[in-house]
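# Structural characterization, general
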Amino acid sequence: MTGLALLALSVPCVLWPATVESRSALEAAGIKQICVAPDRADSWRAAGFTVTPVTDAELAARERLSAPGTTPRPGVASPTRAPWIDANGWRFTRHPGSKYVYDLPAGKAPLAAAEAFAYGADAVLKFDVTDAPDVARLGQMLAFLAALPPLDLPAVADLAVVDDGSAVTGEVMNLLARRNLLFQVVQAPSARFPINVRIGTPEYPRTEAADPSAFAQKIRRQLTDDRRALRVYGSEVVLGRLTADAGRARLHLINYGGREIEGLRIRLRGRYADGEVHVAGAGRLALEDRVVTDDATEFTIPRISTYAVVDLRTAR
Amino acid sequence: MHRRSFVRLLAAATYARTSLAHASAAAATGGSAADAVQKTQDLPALRVVSKYAPVAKPGMPGPFPGRVVSVKSDKAVDTTTGKADEATVREMMAQGMRTLTRAATTADAWRRFFEPSDIVGIKVNCGGYPHCISAYEIVSEVVRQLTAVGVPVTQIYVYERFQNQMDECDYAAHLPSGVQTVAAERANRNVDNSGYDPATYLEADLFGEEDTRSNIMRLVSQRLTKIINIPNMKDHGATGVTGCLKNIAYGSFSNVARTHAGGKSHTYSVVGKLAAMEPLRSRTVLQIMDGLRGVWHGGPFARTTRYVFYPRQIMFATDPVAVDRLLLDIIETERRAHGAISIWDRSPASLKMNDTRARDADPNVNIIIREPGHVEYAATLGLGVYDIKKITLDQLTV
């Protein structure tokens, strides 16, 4: 099933706190679009940059996001088997119209840019702009995002989550996203979905939701793996966002693990003809070992470092 | 050479001892002997996906079900230095292969399994580096005999799953130029999948993991025609022992560490199920159990010599279950000699979940409830003979 909201894919904005005299760093990184303080906007425009003025008050009003990636959690998560992932996709899905700001440590800007782009989020990237290698890596990611063929399709969801606005429901969404269980946020149960998760009902008691990981696992069992729109094999740290209409599909894949993965296997529910994958850092690649069965399509992505986008056409 | 054939009496005595061990372990937990293995109803659903059909006579259990030849030599290893004697090992290999096959010559024995057109994989075990890995002397003798049969060196592959382990062991330095040494992954980091066959896998949701597949190495499914399995005599924290079955199964498939977590191990059924998958089952034609050195605790690793012992024997078979059945007793006996708990122990009192430091320091600590019953389970899949009374053991001394 596809969600109603179409999210315009836009490249996140780089918050640049320095004066126009620092433009060589941006030029070297190929970054042409920035967010700056309003009193510096004109000078940056005069220098040839596309500028979005952002006040301190507006920045403060934006929802702050955690730095994406994996985090060591001894006793709770295992680095290779069940890594702890910090991801924000569930927040974007829950509040698609909100405005966000990342406050990022070194090395995280490209991943954050990809994550925000994949969900079409209005996000500002705040990080140490004096870190030239970081600026350069972000520039490469932004150039990749800007060069992607435009394709704006509705999000695919396997189930609905009725949002009561509570923190516990948010954590359930977080863990659903963590398991690539694609959900749509609704305000009331929808007959369009086989599963409607409403926390506090006899089927989904609040006490069970207090352990969101086990709760997400319960929902996975109810849905069954065979009926899931998206499966990822060969990694526990790649999360996906699937969008599709009757004729096409676009799959965003975000690797939170920090290491390049070779041979990532994907299974999509539905029959798709051959497609292509755009891989950040590697360009356009062919899908490998594609298999189409009665109700699913499988293929391998040769490699993914941080982000990849798969474009497919529905099989006739 | 001294030879004692068909020592069924000895084997039966060993069986009685092991049964007592089962009962003892079970009594410690307040249960019956049947409690010493995982309950059938706890077994996870395992789905095999493979387009490969078994050959008429699969390599496992092969032409000699229930038959094991053990060759021992006090000269095989200098126990003060741990160094193996190449000439003695070569003689042990020759006698073992001839006895197993009843061939008149060593060359004939090897021709029983291999022909020049074969592409042969040698599944070594590097996990016990530096003190207990598949011995260079055995691997090099295997290569020598294969080339004598006419298999070109370029058609011989020494393989493991992880390249960093292969680099540590550096088999290439001990082998003729041209022999391939390969691995599927750079290291155990769950990021390299291109060395695995996406169409041949075991699917199972064991602990709620997202990646529910274990894929076979492409080398095994798409390149090799025959495989020789060379495990070591080692204890194992999740399986009780790591012998023929564990080495060939967990050493040929991806994403297998997921089978044990939180003190619980699904190795009971997964080890055998993987070993029984085609084409692995059909192509694995020879088991050479390297017992020159062994590990009685802390396995599969052997970073120190503290738990290393020296059986100074090599076993030859086509039946991996029969060899592993004997291995259970060897490891159990060695552990008992050191006063360590049984490999069948399932007592919560012995369990310090995931505490590898405590396990390494104390042989009476388990980090997972072990599943030595995986050997018997594999027999139910047709991989070999578990009943010790039906195992024929030829013991030779060099």
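Remember, predicted model here, so these are calculated numbers, not experimental data.

## Some points on the packing of helix H7 (residues 167-178) of chain A against helix H9 (residues 212-223) of chain A
Residue and element names in this part refer to chain A. Where H7 meets H9, the closest approach of the two axes is 8 Å, and the angle between their N-to-C directions is 60°. Relative to H9, H7 is oriented oblique. By crossing handedness, the relation of H7 to H9 is classed as right-handed. Packed against H7, whose contacting residues are Glu 171, Val 172, Leu 175 and Leu 176, the element H9 presents Pro 212, Ser 213, Phe 215, Ala 216 and Ile 219 at the interface. Taken together, the residues of the contact of H7 with H9 break down into 7 nonpolar, 1 polar and 1 charged.

## Overview of the confidence of the model for chain B
Mean pLDDT for chain B: 91, with 90% of residues reaching 70 or above. Every residue in residues 1-34 of chain B scores below 50 in pLDDT, and together they form 50 contacts with partners more than four places removed in sequence or on other chains.

## As for the interface of chain B and chain A
Contacts between the two partners involve 24 residues from chain B and, on the opposite side, 26 residues from chain A. Surface buried jointly by chain B and chain A totals about 2000 Å² across both partners, of which 36% is contributed by carbon and sulfur atoms. Our count for the chain B to chain A interface comes out at 6 salt bridges. Of the charged contacts, one joins Asp 205 of chain B and Arg 221 of chain A as a salt bridge, the two residues approaching to 2.3 Å between their closest N and O atoms. Applying the counting criterion to the chain B and chain A interface returns 21 residue pairs in polar contact (both at pLDDT 80 or more). Take the side of chain B that touches chain A: its biggest share by element is 3 residues, from strand S9 (residues 196-203) of chain B.

## With respect to the packing of aromatic side chains
Enumeration according to the criterion identifies 11 aromatic pairs over all chains in this entry. Measuring from centroid to centroid gives 5.7 Å for Phe 92 of chain A and Tyr 119 of chain A, while their planes differ by 45°, and the two rings are tilted. Of this pair, Phe 92 of chain A sits in helix H4 (residues 89-94) while Tyr 119 of chain A sits in the loop between helix H5 (109-118) and strand S8 (122-126), placing them 27 residues apart in sequence. Both rings, one in Phe 113 of chain B and one in Phe 114 of chain B, keep their centres 6.1 Å apart while their planes meet at 50°; by these two values the pair is tilted. Note on accessibility: Phe 113 of chain B and Phe 114 of chain B belong to one class, buried. Taking the ring centre of Tyr 233 of chain A as reference, the NZ or CZ of Arg 213 of chain B above it sits at 3.7 Å.

## Some details on the state of the cysteines
What makes a disulfide is a covalent bond joining the sulfur atoms belonging to two cysteines. Residues and elements named next belong to chain B. According to the stated counting rule, one finds 1 disulfide over all chains in the structure shown. Not part of a disulfide, Cys 126 finds its nearest cysteine sulfur in Cys 169, a span of 3.3 Å. Cysteine Cys 244 remains unbridged, with the sulfur of Cys 132 as its closest cysteine sulfur at 13 Å.

## Here we look at the environment of Lys 72 of chain B
The residue Lys 72 of chain B is located in strand S3 (residues 67-72) in this model. Along the primary structure Lys 72 of chain B and Leu 46 of chain B are separated by 26 residues, whereas in three dimensions their C-alpha atoms are 39 Å apart.

## Some words on the environment of Arg 312 of chain B
Residues and elements named next belong to chain B. Mapped onto the fold, Arg 312 is located in the loop between strand S17 (308-309) and strand S18 (313-317). Residue classification places Arg 312 among the partly exposed residues on the basis of a relative accessible area of 23%. C-alpha of Arg 312 to C-alpha of Thr 212: the two residues are 100 residues apart in sequence and 40 Å apart in space. Here Arg 312 is in contact with Val 71, Lys 72, Ser 73, Asp 74, Ala 76, Val 77, Thr 79, Met 92, Gly 291 and Leu 292, once residues within four sequence places are set aside.

## Notes on the sheet that holds strand S11 (residues 196-197) of chain A
Strand order in the open sheet formed by 3 strands is S10-S9-S11 (chain A), with parallel pairing between adjacent strands. Here the strands that pair on one side only, and so sit at the sheet edges, are strand S10 (183-186) and S11 of chain A.

## Considering the side chain of Arg 370 of chain B
All names here are of chain B. Of note, Arg 370 is situated in the loop between helix H11 (356-361) and helix H12 (374-380). Separated by 3.4 Å, the side chain of Arg 370 and the backbone oxygen of Gly 240 make a polar contact. Among residues more than four places away in sequence, those in contact with Arg 370 are Asp 235, His 236, Gly 237, Ala 238, Thr 239, Gly 240, His 297, Arg 335, Ile 343 and Arg 346.

## Here's the deal with the pattern of salt bridges
The full count for this structure, using the stated rule, is 45 salt bridges over all chains. Close ionic contact of Glu 58 of chain A with Lys 99 of chain A constitutes a salt bridge, the shortest N to O distance being 4.0 Å. One end of the pair, Glu 58 of chain A, is in helix H3 (residues 56-61); the other, Lys 99 of chain A, is in strand S7 (residues 99-103), and 41 residues separate them in sequence. Residue Glu 58 of chain A is classed as partly exposed on the basis of its relative accessible area of 27%. Lys 99 of chain A sits in the partly exposed class, given a relative accessible area of 42%. A salt bridge links Lys 226 of chain B to Asp 118 of chain B, with the nearest nitrogen and oxygen atoms 2.7 Å apart.

## A short note on the side chain of Arg 62 of chain A
Residue and element names in this part refer to chain A. Its location among the elements puts Arg 62 in the loop between H3 and strand S4 (63-65). A polar side-chain atom of Arg 62 sits 2.8 Å from the main-chain carbonyl oxygen of Tyr 100. Ignoring sequence-local partners within four residues, the contact set of Arg 62 consists of Lys 99, Tyr 100, Val 101, Asp 122, Ala 123 and Val 124.

## A look at the pairing of strand S14 (residues 248-255) of chain A
Residue and element names in this part refer to chain A. The buried fraction of S14 is high, at 7 of 8 residues. In this structure, strand S13 (residues 238-244) lies alongside S14, joined through 7 bridges in antiparallel fashion. Considered in S14, the bridge of Leu 239 is made with Ile 254. In sequence, S13 turns back onto S14 through a hairpin of 3 residues. With 7 bridges joining them, S14 and strand S20 (residues 307-313) adopt antiparallel strand pairing. The residue bridging Arg 250 from the neighbouring strand is Asp 311, located in S20.

What counts and how
Residues numbered from 1 in each chain as written. Chains lettered and ligands numbered in written order. Predicted model: local features only at pLDDT ≥ 70, side-chain atom pairs only at ≥ 80, totals over all residues. Heavy atoms only, no water. Axes fitted to C-alpha atoms, helices over the stretch in contact; angles between N-to-C directions. Helix = DSSP H or I, 4+ residues; strand = E, 2+ residues; numbered from the N terminus. Parallel < 35°, antiparallel > 145°, perpendicular 65-115°, else oblique. Left-handed = near helix turned anticlockwise from the far one by under 90°. Contact = heavy atoms within 4.5 Å. Nonpolar A, V, L, I, M, F, W, Y, C, P; charged D, E, K, R; others polar. pLDDT = per-residue confidence, 0-100. Buried area = accessible area lost by both parts, 1.4 Å probe. Salt bridge = Lys/Arg side-chain N within 4 Å of Asp/Glu carboxyl O. Polar contact = N/O pair within 3.5 Å; in protein donor to acceptor, adjacent residues only side chain to side chain. Phe/Tyr/Trp six-rings, centres within 6.5 Å; stacked < 30°, edge-to-face > 60°. Buried < 20%, exposed > 50% of the residue type's maximum accessible area, 1.4 Å probe, protein only. Lys NZ or Arg CZ within 6 Å of the ring centre and 35° of its normal. Disulfide = S-S within 2.5 Å. Pairing = 2+ DSSP bridges.

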